[in-house]
Amino acid sequence: MSDTAPDLVVAVLNCGSSSIKFALFDASAGLQALPRRPWWGGKVLGIGGPAPRLQTQDGTDRPLPLGDAAPYHDALAAILAALRERLGSTPLQAVAHRVVHGGAAHAEPVRVDAGVLAELRSYIPLAPLHQPFALEAMEALLQLHPTLPQVACFDTAFHRSLPQVEQMLPLPYSAWERGLRRYGFHGLSYEYQSLVLPERHGAQASGRCIVAHLGSGASLCALQGLRSVATTMGFSALDGLMMGTRCGALDPGAVLYLMEIEGLSLHDVGQLLYHQSGLLGVSGRSAEPRELLAHEADDPRCAAALALFVRRIVREIGALVAVLGGLDLLVFTAGIGEHQAEIRERVVQGLGFLGASLDAAANAAHAPVISAAQSTVRVAVEPANEEWVAARHALRVLAATPGAA
Ligand SMILES: Nc1ncnc2c1ncn2[C@@H]1O[C@H](COP(=O)(O)OP(=O)(O)O)[C@@H](O)[C@H]1O
Ligand SMILES: CC(=O)OP(=O)(O)O
Ligand SMILES: [Mg+2]
(Lines give C-alpha, C1' and ligand atoms only; values in the text may rest on other atoms or scores of the structure.)
(Ligands and ions follow the chains in the order given, each with its own letter.)
Protein backbone atom coordinates (compact mmCIF):
# COMPACT_ATOMS: atom_id res chain seq x y z
CA MET A 1 0.00 0.00 0.00
CA SER A 2 1.38 3.42 -0.87
CA ASP A 3 0.93 6.27 1.60
CA THR A 4 -0.43 8.66 -1.01
CA ALA A 5 -4.16 8.31 -1.47
CA PRO A 6 -5.33 7.28 -4.96
CA ASP A 7 -7.11 9.88 -7.12
CA LEU A 8 -10.53 8.33 -6.66
CA VAL A 9 -11.59 6.61 -3.46
CA VAL A 10 -14.77 4.85 -2.39
CA ALA A 11 -15.25 4.21 1.33
CA VAL A 12 -17.25 1.31 2.76
CA LEU A 13 -18.73 0.97 6.23
CA ASN A 14 -19.92 -2.45 7.37
CA CYS A 15 -21.74 -2.17 10.66
CA GLY A 16 -22.00 -5.71 12.13
CA SER A 17 -23.45 -6.72 15.46
CA SER A 18 -20.17 -6.42 17.39
CA SER A 19 -17.84 -4.78 14.92
CA ILE A 20 -17.58 -1.99 12.38
CA LYS A 21 -15.42 -2.81 9.38
CA PHE A 22 -14.21 0.05 7.19
CA ALA A 23 -12.39 0.14 3.90
CA LEU A 24 -11.10 2.62 1.34
CA PHE A 25 -10.98 1.27 -2.21
CA ASP A 26 -8.89 2.70 -5.04
CA ALA A 27 -11.53 3.39 -7.68
CA SER A 28 -9.22 5.22 -10.12
CA ALA A 29 -9.32 2.40 -12.66
CA GLY A 30 -13.12 2.14 -12.61
CA LEU A 31 -15.62 -0.53 -11.69
CA GLN A 32 -14.24 -3.38 -13.80
CA ALA A 33 -10.74 -2.99 -12.33
CA LEU A 34 -11.73 -2.32 -8.72
CA PRO A 35 -9.06 -4.09 -6.60
CA ARG A 36 -10.49 -6.71 -4.24
CA ARG A 37 -8.19 -5.67 -1.47
CA PRO A 38 -8.85 -2.20 -0.10
CA TRP A 39 -6.17 0.45 -0.39
CA TRP A 40 -6.62 0.88 3.36
CA GLY A 41 -9.04 -0.54 5.88
CA GLY A 42 -9.59 -2.18 9.21
CA LYS A 43 -12.14 -2.86 11.90
CA VAL A 44 -13.19 -2.01 15.40
CA LEU A 45 -13.92 -5.25 17.21
CA GLY A 46 -15.63 -6.15 20.46
CA ILE A 47 -17.97 -3.12 20.52
CA GLY A 48 -20.21 -3.40 23.58
CA GLY A 49 -17.77 -5.89 25.14
CA PRO A 50 -15.09 -5.38 27.79
CA ALA A 51 -12.10 -4.80 25.50
CA PRO A 52 -12.82 -3.12 22.16
CA ARG A 53 -9.87 -2.93 19.76
CA LEU A 54 -8.96 -1.07 16.59
CA GLN A 55 -7.14 -3.10 13.96
CA THR A 56 -5.99 -1.84 10.58
CA GLN A 57 -4.66 -3.54 7.49
CA ASP A 58 -1.22 -1.95 7.97
CA GLY A 59 -0.71 -3.58 11.36
CA THR A 60 -2.26 -1.30 13.97
CA ASP A 61 -3.83 -3.38 16.76
CA ARG A 62 -4.62 -1.42 19.88
CA PRO A 63 -7.31 -1.04 22.53
CA LEU A 64 -9.94 1.53 21.59
CA PRO A 65 -11.60 2.78 24.77
CA LEU A 66 -15.30 3.47 24.13
CA GLY A 67 -17.78 5.11 26.51
CA ASP A 68 -20.39 2.86 28.17
CA ALA A 69 -23.27 5.12 27.15
CA ALA A 70 -22.91 4.87 23.36
CA PRO A 71 -19.98 2.61 22.42
CA TYR A 72 -21.13 2.15 18.82
CA HIS A 73 -21.42 5.91 18.32
CA ASP A 74 -17.92 6.41 19.76
CA ALA A 75 -16.47 3.68 17.53
CA LEU A 76 -18.03 5.33 14.48
CA ALA A 77 -16.60 8.73 15.42
CA ALA A 78 -13.12 7.18 15.82
CA ILE A 79 -13.42 5.50 12.42
CA LEU A 80 -14.57 8.65 10.64
CA ALA A 81 -11.63 10.54 12.17
CA ALA A 82 -9.19 7.81 11.09
CA LEU A 83 -10.60 7.82 7.54
CA ARG A 84 -10.32 11.62 7.34
CA GLU A 85 -6.72 11.49 8.53
CA ARG A 86 -5.80 8.75 6.07
CA LEU A 87 -7.42 10.53 3.12
CA GLY A 88 -5.91 13.95 3.79
CA SER A 89 -7.19 16.30 1.10
CA THR A 90 -8.25 13.49 -1.28
CA PRO A 91 -12.01 13.73 -1.85
CA LEU A 92 -14.23 10.70 -1.44
CA GLN A 93 -16.23 9.69 -4.47
CA ALA A 94 -18.86 7.91 -2.42
CA VAL A 95 -19.53 5.99 0.77
CA ALA A 96 -21.16 2.58 0.53
CA HIS A 97 -22.92 1.17 3.56
CA ARG A 98 -23.82 -2.41 4.33
CA VAL A 99 -27.41 -2.11 5.49
CA VAL A 100 -28.83 -5.29 6.93
CA HIS A 101 -32.51 -4.76 6.13
CA GLY A 102 -33.93 -3.41 2.89
CA GLY A 103 -37.48 -4.59 3.60
CA ALA A 104 -39.76 -5.67 0.78
CA ALA A 105 -39.03 -2.52 -1.25
CA HIS A 106 -35.32 -2.86 -2.05
CA ALA A 107 -34.01 -5.51 -4.38
CA GLU A 108 -31.12 -3.25 -5.45
CA PRO A 109 -28.71 -0.81 -3.77
CA VAL A 110 -30.06 2.72 -3.50
CA ARG A 111 -28.71 6.25 -3.24
CA VAL A 112 -29.33 7.59 0.28
CA ASP A 113 -31.40 10.70 0.87
CA ALA A 114 -33.64 11.86 3.69
CA GLY A 115 -36.61 9.88 2.35
CA VAL A 116 -34.65 6.64 2.06
CA LEU A 117 -33.27 7.16 5.56
CA ALA A 118 -36.75 7.57 6.98
CA GLU A 119 -37.89 4.40 5.28
CA LEU A 120 -34.86 2.41 6.46
CA ARG A 121 -35.49 3.65 9.98
CA SER A 122 -38.85 1.87 9.90
CA TYR A 123 -36.96 -1.46 9.59
CA ILE A 124 -35.07 -0.98 12.88
CA PRO A 125 -37.45 -3.31 14.77
CA LEU A 126 -36.66 -6.05 12.22
CA ALA A 127 -32.89 -5.86 12.76
CA PRO A 128 -32.25 -4.06 16.06
CA LEU A 129 -28.62 -5.23 16.36
CA HIS A 130 -27.58 -3.76 13.01
CA GLN A 131 -29.95 -1.34 11.35
CA PRO A 132 -29.64 1.55 13.85
CA PHE A 133 -25.87 1.75 13.51
CA ALA A 134 -25.70 1.85 9.74
CA LEU A 135 -28.38 4.56 9.84
CA GLU A 136 -26.44 6.50 12.42
CA ALA A 137 -23.42 6.47 10.12
CA MET A 138 -25.50 7.66 7.17
CA GLU A 139 -27.15 10.42 9.19
CA ALA A 140 -23.83 11.66 10.56
CA LEU A 141 -22.32 11.78 7.05
CA LEU A 142 -25.40 13.43 5.58
CA GLN A 143 -25.04 16.22 8.13
CA LEU A 144 -21.27 16.57 7.80
CA HIS A 145 -21.06 16.21 4.02
CA PRO A 146 -24.53 16.75 2.48
CA THR A 147 -23.28 16.45 -1.12
CA LEU A 148 -21.22 13.28 -0.60
CA PRO A 149 -23.02 10.43 -2.41
CA GLN A 150 -23.96 7.60 -0.06
CA VAL A 151 -25.24 4.23 -1.24
CA ALA A 152 -27.11 1.70 0.90
CA CYS A 153 -26.39 -1.95 -0.03
CA PHE A 154 -28.80 -4.46 1.45
CA ASP A 155 -28.13 -7.85 3.01
CA THR A 156 -31.64 -8.88 2.14
CA ALA A 157 -31.34 -8.12 -1.59
CA PHE A 158 -29.42 -11.25 -2.65
CA HIS A 159 -32.23 -13.42 -1.28
CA ARG A 160 -34.89 -11.90 -3.51
CA SER A 161 -34.39 -14.96 -5.71
CA LEU A 162 -35.86 -17.23 -3.00
CA PRO A 163 -38.89 -19.08 -4.31
CA GLN A 164 -42.17 -18.20 -2.62
CA VAL A 165 -42.25 -21.52 -0.78
CA GLU A 166 -39.01 -20.52 0.98
CA GLN A 167 -40.19 -16.99 1.69
CA MET A 168 -43.54 -17.83 3.22
CA LEU A 169 -44.04 -18.38 6.94
CA PRO A 170 -46.82 -20.76 7.95
CA LEU A 171 -48.86 -18.00 9.60
CA PRO A 172 -52.31 -16.78 8.48
CA TYR A 173 -52.06 -15.63 4.85
CA SER A 174 -52.58 -11.99 5.81
CA ALA A 175 -49.17 -12.09 7.56
CA TRP A 176 -47.52 -12.73 4.17
CA GLU A 177 -49.43 -9.80 2.72
CA ARG A 178 -48.23 -7.61 5.59
CA GLY A 179 -44.57 -8.46 4.86
CA LEU A 180 -44.03 -11.15 7.53
CA ARG A 181 -41.79 -13.41 5.49
CA ARG A 182 -38.32 -14.89 5.31
CA TYR A 183 -36.00 -12.14 4.08
CA GLY A 184 -32.62 -13.78 4.75
CA PHE A 185 -29.43 -11.88 5.60
CA HIS A 186 -25.64 -11.86 5.00
CA GLY A 187 -26.56 -11.24 1.37
CA LEU A 188 -23.47 -9.16 0.51
CA SER A 189 -21.32 -12.01 1.80
CA TYR A 190 -23.20 -14.58 -0.30
CA GLU A 191 -23.14 -12.27 -3.32
CA TYR A 192 -19.36 -12.09 -3.00
CA GLN A 193 -19.19 -15.89 -2.96
CA SER A 194 -21.41 -16.05 -6.04
CA LEU A 195 -18.83 -13.88 -7.83
CA VAL A 196 -15.62 -15.61 -6.71
CA LEU A 197 -16.55 -19.28 -6.41
CA PRO A 198 -16.69 -19.89 -10.19
CA GLU A 199 -13.11 -18.57 -10.48
CA ARG A 200 -11.83 -21.11 -7.99
CA HIS A 201 -14.16 -24.06 -8.46
CA GLY A 202 -15.31 -23.75 -12.05
CA ALA A 203 -18.61 -25.36 -13.00
CA GLN A 204 -18.92 -27.01 -9.58
CA ALA A 205 -19.76 -23.60 -8.10
CA SER A 206 -22.88 -23.37 -10.24
CA GLY A 207 -24.16 -26.72 -8.99
CA ARG A 208 -25.56 -27.56 -5.56
CA CYS A 209 -23.64 -25.33 -3.20
CA ILE A 210 -24.00 -24.38 0.47
CA VAL A 211 -22.12 -21.41 1.91
CA ALA A 212 -21.74 -21.34 5.71
CA HIS A 213 -21.26 -17.76 6.89
CA LEU A 214 -20.08 -18.31 10.47
CA GLY A 215 -19.32 -15.01 12.22
CA SER A 216 -20.84 -13.31 15.25
CA GLY A 217 -24.04 -13.70 13.31
CA ALA A 218 -24.23 -16.99 11.43
CA SER A 219 -26.31 -18.35 8.61
CA LEU A 220 -26.29 -20.77 5.69
CA CYS A 221 -27.26 -20.13 2.10
CA ALA A 222 -28.11 -22.80 -0.45
CA LEU A 223 -27.11 -21.67 -3.93
CA GLN A 224 -28.10 -23.21 -7.20
CA GLY A 225 -26.83 -21.61 -10.38
CA LEU A 226 -25.13 -19.12 -8.00
CA ARG A 227 -28.50 -17.76 -6.84
CA SER A 228 -29.97 -18.03 -3.35
CA VAL A 229 -32.62 -20.76 -3.25
CA ALA A 230 -32.84 -21.25 0.54
CA THR A 231 -31.32 -19.66 3.63
CA THR A 232 -31.49 -20.17 7.38
CA MET A 233 -32.05 -16.63 8.62
CA GLY A 234 -35.64 -15.58 8.28
CA PHE A 235 -37.85 -12.63 9.07
CA SER A 236 -35.16 -11.42 11.45
CA ALA A 237 -31.47 -12.15 12.00
CA LEU A 238 -32.48 -14.33 14.97
CA ASP A 239 -33.56 -17.39 12.99
CA GLY A 240 -31.57 -20.44 11.92
CA LEU A 241 -28.16 -21.26 13.36
CA MET A 242 -27.15 -20.78 16.98
CA MET A 243 -24.88 -17.70 17.18
CA GLY A 244 -22.52 -15.93 19.56
CA THR A 245 -25.32 -14.39 21.64
CA ARG A 246 -28.41 -15.11 19.53
CA CYS A 247 -30.52 -18.25 19.93
CA GLY A 248 -31.21 -19.16 16.30
CA ALA A 249 -34.28 -21.27 15.49
CA LEU A 250 -36.43 -21.66 18.59
CA ASP A 251 -39.81 -23.16 19.39
CA PRO A 252 -42.14 -20.12 19.61
CA GLY A 253 -43.83 -21.95 22.49
CA ALA A 254 -40.67 -21.37 24.56
CA VAL A 255 -41.08 -17.61 24.05
CA LEU A 256 -44.75 -17.76 25.06
CA TYR A 257 -43.78 -19.72 28.19
CA LEU A 258 -41.02 -17.26 29.14
CA MET A 259 -43.50 -14.39 28.88
CA GLU A 260 -46.67 -15.90 30.24
CA ILE A 261 -45.39 -18.25 32.94
CA GLU A 262 -42.02 -16.76 33.88
CA GLY A 263 -43.30 -13.20 33.46
CA LEU A 264 -40.55 -11.79 31.24
CA SER A 265 -41.45 -8.49 29.62
CA LEU A 266 -41.23 -7.98 25.87
CA HIS A 267 -38.01 -6.04 26.40
CA ASP A 268 -36.50 -8.77 28.59
CA VAL A 269 -37.36 -11.48 26.07
CA GLY A 270 -35.72 -9.41 23.32
CA GLN A 271 -32.57 -9.02 25.41
CA LEU A 272 -32.56 -12.75 26.18
CA LEU A 273 -32.92 -13.86 22.56
CA TYR A 274 -30.50 -11.34 21.00
CA HIS A 275 -27.88 -10.80 23.70
CA GLN A 276 -27.95 -13.55 26.33
CA SER A 277 -28.48 -16.74 24.34
CA GLY A 278 -26.37 -18.72 21.86
CA LEU A 279 -22.82 -19.72 22.77
CA LEU A 280 -22.69 -17.12 25.55
CA GLY A 281 -25.97 -18.16 27.11
CA VAL A 282 -25.36 -21.90 27.12
CA SER A 283 -21.71 -21.71 28.21
CA GLY A 284 -22.12 -18.84 30.66
CA ARG A 285 -18.55 -17.97 29.74
CA SER A 286 -18.09 -16.54 26.26
CA ALA A 287 -19.63 -15.95 22.84
CA GLU A 288 -16.32 -16.89 21.21
CA PRO A 289 -15.80 -20.46 19.97
CA ARG A 290 -12.02 -20.20 20.43
CA GLU A 291 -12.53 -19.40 24.13
CA LEU A 292 -14.96 -22.30 24.53
CA LEU A 293 -12.60 -24.69 22.75
CA ALA A 294 -9.91 -23.73 25.26
CA HIS A 295 -12.19 -24.63 28.17
CA GLU A 296 -14.33 -27.49 26.91
CA ALA A 297 -12.22 -30.19 28.61
CA ASP A 298 -12.76 -28.74 32.09
CA ASP A 299 -16.11 -26.96 31.73
CA PRO A 300 -19.09 -29.11 30.66
CA ARG A 301 -21.15 -26.04 29.77
CA CYS A 302 -18.51 -24.94 27.24
CA ALA A 303 -18.59 -28.45 25.79
CA ALA A 304 -22.41 -28.36 25.67
CA ALA A 305 -22.43 -24.97 23.93
CA LEU A 306 -19.99 -26.14 21.26
CA ALA A 307 -21.84 -29.41 20.73
CA LEU A 308 -25.12 -27.54 20.22
CA PHE A 309 -23.49 -25.00 17.90
CA VAL A 310 -22.06 -27.74 15.68
CA ARG A 311 -25.22 -29.85 15.83
CA ARG A 312 -27.36 -26.96 14.64
CA ILE A 313 -25.03 -26.32 11.70
CA VAL A 314 -25.10 -29.99 10.72
CA ARG A 315 -28.90 -30.21 11.04
CA GLU A 316 -29.47 -27.09 8.97
CA ILE A 317 -27.00 -28.23 6.32
CA GLY A 318 -28.95 -31.49 6.20
CA ALA A 319 -32.15 -29.53 5.59
CA LEU A 320 -30.58 -27.47 2.79
CA VAL A 321 -29.11 -30.59 1.18
CA ALA A 322 -32.68 -31.89 1.00
CA VAL A 323 -33.81 -28.67 -0.70
CA LEU A 324 -30.90 -28.85 -3.17
CA GLY A 325 -31.29 -32.59 -3.76
CA GLY A 326 -27.64 -33.26 -2.91
CA LEU A 327 -24.45 -31.29 -2.40
CA ASP A 328 -21.44 -30.58 -4.64
CA LEU A 329 -19.68 -27.78 -2.80
CA LEU A 330 -19.62 -26.64 0.84
CA VAL A 331 -17.90 -23.32 1.55
CA PHE A 332 -16.92 -21.93 4.95
CA THR A 333 -16.60 -18.17 5.30
CA ALA A 334 -16.60 -15.27 7.88
CA GLY A 335 -14.56 -15.08 11.10
CA ILE A 336 -15.26 -18.55 12.48
CA GLY A 337 -15.66 -20.24 9.11
CA GLU A 338 -12.31 -18.90 7.89
CA HIS A 339 -10.25 -19.34 11.03
CA GLN A 340 -11.62 -22.15 13.23
CA ALA A 341 -10.36 -25.43 11.75
CA GLU A 342 -11.69 -27.39 14.75
CA ILE A 343 -15.26 -26.21 14.13
CA ARG A 344 -15.00 -27.03 10.41
CA GLU A 345 -13.71 -30.49 11.28
CA ARG A 346 -16.62 -31.20 13.64
CA VAL A 347 -19.18 -29.96 11.11
CA VAL A 348 -17.77 -32.08 8.29
CA GLN A 349 -17.58 -35.10 10.61
CA GLY A 350 -21.33 -34.70 11.07
CA LEU A 351 -21.72 -34.80 7.28
CA GLY A 352 -19.96 -38.16 6.94
CA PHE A 353 -23.28 -39.68 5.78
CA LEU A 354 -22.95 -37.59 2.60
CA GLY A 355 -19.48 -38.96 1.93
CA ALA A 356 -17.82 -35.68 2.96
CA SER A 357 -14.37 -35.83 4.56
CA LEU A 358 -11.49 -33.45 5.17
CA ASP A 359 -7.78 -33.40 4.46
CA ALA A 360 -6.56 -32.68 8.01
CA ALA A 361 -3.41 -30.80 6.93
CA ALA A 362 -5.28 -28.63 4.42
CA ASN A 363 -7.92 -27.86 7.04
CA ALA A 364 -5.32 -26.93 9.64
CA ALA A 365 -3.69 -24.61 7.08
CA HIS A 366 -7.07 -22.98 6.17
CA ALA A 367 -6.35 -23.91 2.55
CA PRO A 368 -8.82 -22.85 -0.18
CA VAL A 369 -9.83 -26.51 -0.67
CA ILE A 370 -9.84 -28.64 2.50
CA SER A 371 -11.71 -31.80 1.45
CA ALA A 372 -9.92 -35.14 1.17
CA ALA A 373 -9.27 -36.56 -2.31
CA GLN A 374 -11.99 -39.23 -1.80
CA SER A 375 -14.61 -36.79 -0.45
CA THR A 376 -17.82 -36.79 -2.50
CA VAL A 377 -18.35 -33.13 -1.55
CA ARG A 378 -15.74 -30.49 -2.26
CA VAL A 379 -15.20 -28.47 0.92
CA ALA A 380 -13.67 -25.00 0.64
CA VAL A 381 -12.63 -21.99 2.73
CA GLU A 382 -13.16 -18.59 1.14
CA PRO A 383 -12.61 -15.26 2.93
CA ALA A 384 -15.64 -12.96 3.18
CA ASN A 385 -15.42 -9.63 1.37
CA GLU A 386 -18.70 -7.79 1.80
CA GLU A 387 -16.85 -4.48 1.48
CA TRP A 388 -15.71 -5.07 -2.11
CA VAL A 389 -19.25 -5.99 -3.17
CA ALA A 390 -20.58 -2.82 -1.52
CA ALA A 391 -17.91 -0.65 -3.20
CA ARG A 392 -18.85 -2.12 -6.60
CA HIS A 393 -22.51 -1.40 -5.95
CA ALA A 394 -21.71 2.20 -5.05
CA LEU A 395 -19.78 2.73 -8.29
CA ARG A 396 -22.59 1.19 -10.28
CA VAL A 397 -25.26 3.34 -8.63
CA LEU A 398 -23.15 6.47 -9.22
CA ALA A 399 -22.66 5.60 -12.86
CA ALA A 400 -26.41 5.21 -13.24
CA THR A 401 -27.18 8.54 -11.51
CA PRO A 402 -26.83 11.43 -13.96
CA GLY A 403 -24.47 14.10 -12.67
CA ALA A 404 -23.51 12.19 -9.53
CA ALA A 405 -20.12 10.76 -10.42
N1 LIG B 1 -8.37 -15.32 13.59
C2 LIG B 1 -9.46 -15.79 14.21
N3 LIG B 1 -9.40 -16.96 14.89
C4 LIG B 1 -10.51 -17.45 15.50
N5 LIG B 1 -11.72 -16.85 15.49
C6 LIG B 1 -11.83 -15.71 14.82
C7 LIG B 1 -10.72 -15.11 14.14
N8 LIG B 1 -11.14 -13.97 13.55
C9 LIG B 1 -12.46 -13.86 13.85
N10 LIG B 1 -12.86 -14.91 14.62
C11 LIG B 1 -14.21 -15.10 15.17
O12 LIG B 1 -15.18 -14.79 14.20
C13 LIG B 1 -16.30 -14.13 14.80
C14 LIG B 1 -16.52 -12.77 14.14
O15 LIG B 1 -16.66 -12.98 12.77
P16 LIG B 1 -17.01 -11.79 11.77
O17 LIG B 1 -17.28 -12.41 10.46
O18 LIG B 1 -15.94 -10.77 11.83
O19 LIG B 1 -18.36 -11.30 12.45
P20 LIG B 1 -19.16 -9.93 12.44
O21 LIG B 1 -19.08 -9.40 11.04
O22 LIG B 1 -20.52 -10.36 12.81
O23 LIG B 1 -18.55 -9.04 13.45
C24 LIG B 1 -15.98 -14.02 16.28
O25 LIG B 1 -16.54 -15.12 16.97
C26 LIG B 1 -14.45 -14.11 16.28
O27 LIG B 1 -13.94 -14.59 17.48
C1 LIG C 1 -27.14 -10.21 9.78
C2 LIG C 1 -26.08 -10.47 10.78
O3 LIG C 1 -26.28 -11.22 11.69
O4 LIG C 1 -24.89 -9.83 10.56
P5 LIG C 1 -23.54 -9.98 11.42
O6 LIG C 1 -23.10 -11.39 11.28
O7 LIG C 1 -22.58 -9.01 10.77
O8 LIG C 1 -23.86 -9.66 12.84
MG1 LIG D 1 -20.27 -9.76 9.47
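For every chain, the first residue of its written sequence is number 1, and the numbers climb from 1 along that sequence. For naming, the first written chain is A and the first written ligand is 1, with later ones following in the order written. In keeping with the model being predicted, local features are shown solely for residues with a pLDDT of at least 70 and side-chain atom pairs are shown and tallied solely at 80 or more, while totals for entire chains, interfaces and linings include all residues. Heavy atoms from the whole structure form the basis of all side-chain values; hydrogens and water molecules are not counted.

J.: Before we move on, can you summarise the domain arrangement of the protein with the specific residues and values?
T.: When its domains are assigned, the protein resolves into domain 1 (9-154) and domain 2 (203-386). Relative to domain 2, the C-alpha centre of domain 1 lies at a distance of 26 Å. Any two residues having at least one pair of non-hydrogen atoms within 4.5 Å are treated as being in contact. In this assembly, ten residues from domain 1 lie in contact with ten residues from domain 2. By convention, the term buried area covers the 1.4 Å-probe accessible surface removed from two parts as they join, with the contributions of both added. Of the roughly 790 Å² buried between domain 1 and domain 2 on both sides combined, carbon and sulfur atoms contribute 51%. Where each domain starts and ends comes from a domain assignment, either automatic or drawn from a database.

J.: Quick one: what's the story with the UniProt feature "site: Transition state stabilizer" (unreviewed entry) in the protein, residue by residue and with numbers?
T.: UniProt positions are given in the numbering used here, feature names are shortened, and annotations may be inferred rather than shown by experiment. Sites flagged by UniProt as "site: Transition state stabilizer" (unreviewed entry) map to His186 and Arg246. As for the largest cavity, its lining draws on His186 and Arg246 from among the annotated residues. Numbering goes from the N terminus for both helices and strands, where a helix is a DSSP run of H or I of at least four residues and a strand is a run of E of at least two. Along the chain, the position of His186 falls in the loop between α5 (173-177) and α6 (187-201). We call a residue buried when its accessible area falls under 20% of the maximum for its residue type, exposed when it is over 50%, and partly exposed in between, using a 1.4 Å probe and counting protein chains only. A relative accessible area of 6% places His186 in the buried class. Apart from the residues within four sequence positions on either side, His186 is in contact with Arg98, Asp155, His213, Gly217, Ala218, Ser219 and Met233. For Arg246, a relative accessible area of 2% corresponds to the buried category. The residues touching Arg246, leaving out its near neighbours within four places in the chain, are Ser17, Leu129, His130, Ser216, Gly217, Met233, Ala237, Leu238, Leu273, Tyr274, Ser277 and Gly278. Under this definition, polar contacts are N or O atom pairs within 3.5 Å; protein pairs additionally need one hydrogen-donor-capable and one acceptor-capable atom, and for neighbouring residues in sequence, both atoms have to be side-chain atoms. A polar side-chain atom of Arg246 sits 2.9 Å from the main-chain carbonyl oxygen of Ala237. Any residue with an atom within 4 Å of a point lines the site, the site being either a cavity, points on a 1 Å grid over the protein atoms alone where a 1.4 Å probe fits but cannot get out, or a pocket, an open set with protein on both sides within 12 Å along at least 5 of 7 lines.

J.: Explain the site of ligand 2 residue by residue, including any values.
T.: Around ligand 2, the surrounding shell consists of Gly16, Ser17, Arg98, His130, Phe185, His186, Gly217, Met233, Ala237 and Arg246. Between ligand 2 and the protein, one listed contact pairs an oxygen atom with a side-chain N or O atom of His130 at 2.6 Å. One of the side-chain N or O atoms of Arg246 is found 2.9 Å from an oxygen atom in ligand 2. Composition of the shell around ligand 2 by domain shows at least three residues from each of domain 1 (9-154) and domain 2 (203-386). Proximity is defined per residue: if any heavy atom of the residue lies within 4 Å of a molecule or strand, that residue is considered near it.

J.: Break down the UniProt feature "active site" (unreviewed entry) in the protein for me, with residues and values.
T.: Under the feature "active site" (unreviewed entry), the UniProt entry names Asp155. Tracing the sequence through the fold places Asp155 in the loop between β8 (150-154) and α4 (164-167). The residues touching Asp155, leaving out its near neighbours within four places in the chain, are Arg98, Val99, Val100, Gly184, Phe185, His186, Gly187 and Leu188.

J.: Run through the layout of surface pockets, naming residues and quoting values.
T.: Once rolled over the atoms, a probe with the size of a water molecule shows which space is left empty. Grid points are joined across faces, edges and corners, and a volume is the space filled by probe spheres set on the points. Within this model, the second largest pocket holds a volume of roughly 620 Å³. Phe235, Ser236, Leu238, Asp239 and Leu250 are, among the 19 residues lining the second largest pocket, the residues nearest its centre. Counting only elements with at least two residues in the lining of the second largest pocket, the list comes to α7 (252-260) and α8 (266-275). Under the scheme applied, nonpolar residues are Ala, Val, Leu, Ile, Met, Phe, Trp, Tyr, Cys and Pro; charged residues are Asp, Glu, Lys and Arg; polar residues are all the others, including Gly. Its residues assigned to classes, the lining of the second largest pocket shows 15 nonpolar, three polar and one charged.

J.: I'd like a rundown of the packing of α7 against α8, residues and numbers included.
T.: Axis definition: a line fitted to C-alpha atoms, limited for helices to the stretch in contact. Angles are taken between N-to-C directions and run from 0 to 180 degrees. The N-to-C vectors of α7 and α8 enclose an angle of 135°; their axes lie 10 Å apart at closest approach. By the criterion of interaxial angle, the relationship of α7 to α8 is oblique. Crossing of α7 over α8 shows right-handed handedness. Residues Val255, Leu258 and Met259 of α7 form the contact with α8, whose participating residues are Leu266, Val269, Leu272 and Leu273. Here the residues of the contact of α7 with α8 sort into seven nonpolar, no polar and no charged. Under this scheme an angle from 65 to 115 degrees is roughly perpendicular, one under 35 degrees roughly parallel, and one over 145 degrees roughly antiparallel; angles in between are oblique. If you view the pair so one helix is near and one far, a crossing is left-handed when the near helix is turned anticlockwise from the far one by less than a right angle, and right-handed when it is turned clockwise.

J.: Could you give me a rundown of the site of ligand 1, with the residues and numbers involved?
T.: Taken together, 14 residues sit near ligand 1, with Ser19, Lys21, Glu288, Gly335 and Gln340 positioned nearest. A distance of 2.8 Å separates an oxygen atom of ligand 1 from a polar side-chain atom of Ser19. One of the backbone nitrogen or oxygen atoms of Gly335 is found 3.0 Å away from an oxygen atom of ligand 1. A 1.4 Å probe and the Shrake-Rupley method give the accessible areas. Residues count as covered only by the protein chains that appear here. For ligand 1, whose accessible area on its own is 570 Å², the fraction buried by protein is 80%. Counting residues per element, the ones that place at least two in the shell around ligand 1 are α10 (289-295) and α12 (334-339). Per element, the largest residue contribution to the shell around ligand 1 is four residues, and it comes from α12. Counting the residues that make up the shell around ligand 1, at least three belong to each of domain 1 (9-154) and domain 2 (203-386).

J.: Outline the environment of Thr401, listing residues and values.
T.: With respect to the helices and strands, the residue Thr401 is situated in the segment after α15 (386-400). We classify Thr401 as partly exposed; its relative accessible area is 23%.

J.: So what's going on with the packing of α6 against α15? Which residues, and what values?
T.: Relative orientation of the contacting elements α6 and α15 amounts to 85°, with a least axis distance of 8 Å. As far as their axial angle goes, α15 and α6 are roughly perpendicular. Within the contact between the two elements, α6 uses Leu188, Ser189, Glu191, Tyr192 and Leu195 and α15 uses Glu386, Trp388, Val389, Ala390, Arg392 and His393. Of the residues in the contact of α6 with α15, the class split is six nonpolar, two polar and three charged.

J.: Which residues make up the sheet that holds strand β13 (residues 378-381), and what values go with them?
T.: Here a strand pair is declared whenever DSSP counts at least two bridges between the two strands. Taken together, the five strands give an open sheet; going across it, the order is β11-β10-β9-β12-β13, and neighbouring strands pair in mixed fashion. Edge positions in the open sheet fall to β11 (227-231) and β13, since each of these has one partner strand only. Strand-to-strand, the axes of this sheet are offset by a mean angle of 25°, without reference to chain direction. Two elements, strand β9 (residues 208-214) and strand β12 (residues 329-333), share five bridges in a ladder whose sense is parallel. Counted as the bridge partner of Ala212 is Phe332 from β12.

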